[in-house]
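Listed below are the residues making up each chain.
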Amino acid sequence: MCRGCQRFFRSSGWGVSGMAVDLDCEELASEELIASLREVELPTLGHFLEDGFCTPRMVPINEGPQMVGPARTLDLREPDALAVNRALHALRPGDVLVIRVASGLHAPVGAVTAAAAIAQGAAGIVVDGPVTDAAALRNVQDRLPVFATGLIARTTKRTGSLGDDVLDCEVEIDGVTVRPGDLVLGDRQGVLVLPPTGPGNEVLQAALASDWGEPELLARIAAGEDLRELLPG
Ligand SMILES: O=C([O-])CC(=O)C(=O)O
Ligand SMILES: [Mg+2]
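Notes on the structure in this doc start here. Worth saying up front: this structure is predicted, and the values here are computed from it rather than measured.

## Focus: the packing of helix α1 (residues 31-39) against helix α6 (residues 201-222)
At step 1: Contact geometry for α1 and α6: axes closest at 10 Å, N-to-C directions at 35 degrees. Crossing hand, α1 versus α6: left-handed. Listed contacts from α6 to L33, S36, L37 and E39 of α1 are L204, L208 and D211.
At step 2: For the contact of α1 with α6, a count of residues per class yields 4 nonpolar, 1 polar and 2 charged.

## Description of the site of ligand 1
At step 1: Near ligand 1 you find A107, P108, V109, G110, A111, V112, T113, T132, D133, T155 and T156, and these make up its full shell.
At step 2: The separation between an oxygen atom of ligand 1 and a polar main-chain atom of G110 is 3.0 Å.
At step 3: At 3.1 Å from an oxygen atom of ligand 1 is found a main-chain nitrogen or oxygen belonging to A111.
At step 4: In isolation ligand 1 exposes 270 Å². Once the protein is present, 80% of that is buried.

## Focus: the pattern of salt bridges
At step 1: Evaluation of the coordinates by the stated rule reveals 12 salt bridges.
At step 2: As a salt-bridge pair, R72 and D95 come within 3.0 Å of each other at their nearest N and O atoms. Taken as a pair, R72 in strand β4 (residues 67-76) and D95 in the loop between α3 (81-90) and β5 (96-101) lie far apart in primary sequence, 23 residues in all.
At step 3: For R72, a relative accessible area of 6% gives the class buried.
At step 4: Overall, the relative accessible area of 0% leaves D95 in the buried class.
At step 5: Two residues, R77 and D75, come together in a salt bridge whose shortest N-O distance is 3.3 Å.
At step 6: A relative accessible area of 38% means that R77 is categorised as partly exposed.
At step 7: Residues participating in the shared-partner salt-bridge network are D75, R77, R100 and D165.

The rules behind the values
- Residues numbered from 1 in each chain as written.
- Chains lettered and ligands numbered in written order.
- Predicted model: local features only at pLDDT ≥ 70, side-chain atom pairs only at ≥ 80, totals over all residues.
- Heavy atoms only, no water.
- Axes fitted to C-alpha atoms, helices over the stretch in contact; angles between N-to-C directions.
- Helix = DSSP H or I, 4+ residues; strand = E, 2+ residues; numbered from the N terminus.
- Left-handed = near helix turned anticlockwise from the far one by under 90°.
- Contact = heavy atoms within 4.5 Å.
- Nonpolar A, V, L, I, M, F, W, Y, C, P; charged D, E, K, R; others polar.
- Near = heavy atom within 4 Å.
- Polar contact = N/O pair within 3.5 Å; in protein donor to acceptor, adjacent residues only side chain to side chain.
- Areas by Shrake-Rupley, 256 points an atom, 1.4 Å probe, with all protein chains shown as cover.
- Salt bridge = Lys/Arg side-chain N within 4 Å of Asp/Glu carboxyl O.
- Buried < 20%, exposed > 50% of the residue type's maximum accessible area, 1.4 Å probe, protein only.

Written out as structure tokens, the structure is:
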């Protein structure tokens, strides 16, 4: 089912700089695709894909369910708490809030932000920068997976210095470009960003088949079968 057309501000990429553009329904990931991506192990996709993976500096801050959802982005060029609040207001159920923290030294997400994202039905949060209120984020891990580069006690301030051009624009997260509507996946291994169309049906089917076959392979290795037969070399 289509999530419905949304208006996004795009700073670059698909749209004209600084202009609001309509995102076609076709560009939004289907519920079916999102459900399939929840089933597949990220490291299995890693056997088939080379691009879109954040580096190991992007770590899970809590251990929630596998995260999959369309990106809503925020480019925190300055640590403005009011811009974070506006990004929270705009969240829709199933969205993944993706925040770039230019300073790398201010936490835009903690207990309050997480509670607000949960209230909006968000699927998760990814921060290229630190987060805070670690215990509170652990407490909500079943409802809100959070990924970030670490923890810090220095948080954002209500400066009001940023405009709406920092919302739903292209951002770079740990070297990976994220556009609004891209699919953002996360598990204990980290974060993977895919286009709204996902990895392609061929890769998805191959990855699912690999996951389904793995328990038998593991059982045969554990049973002492000849490794030369089981693992081609
Ligand atoms: O407000 C912030 O910058 C982060 C925070 O502490 C919270 O969300 O509770
Ligand atoms: Mg807090």
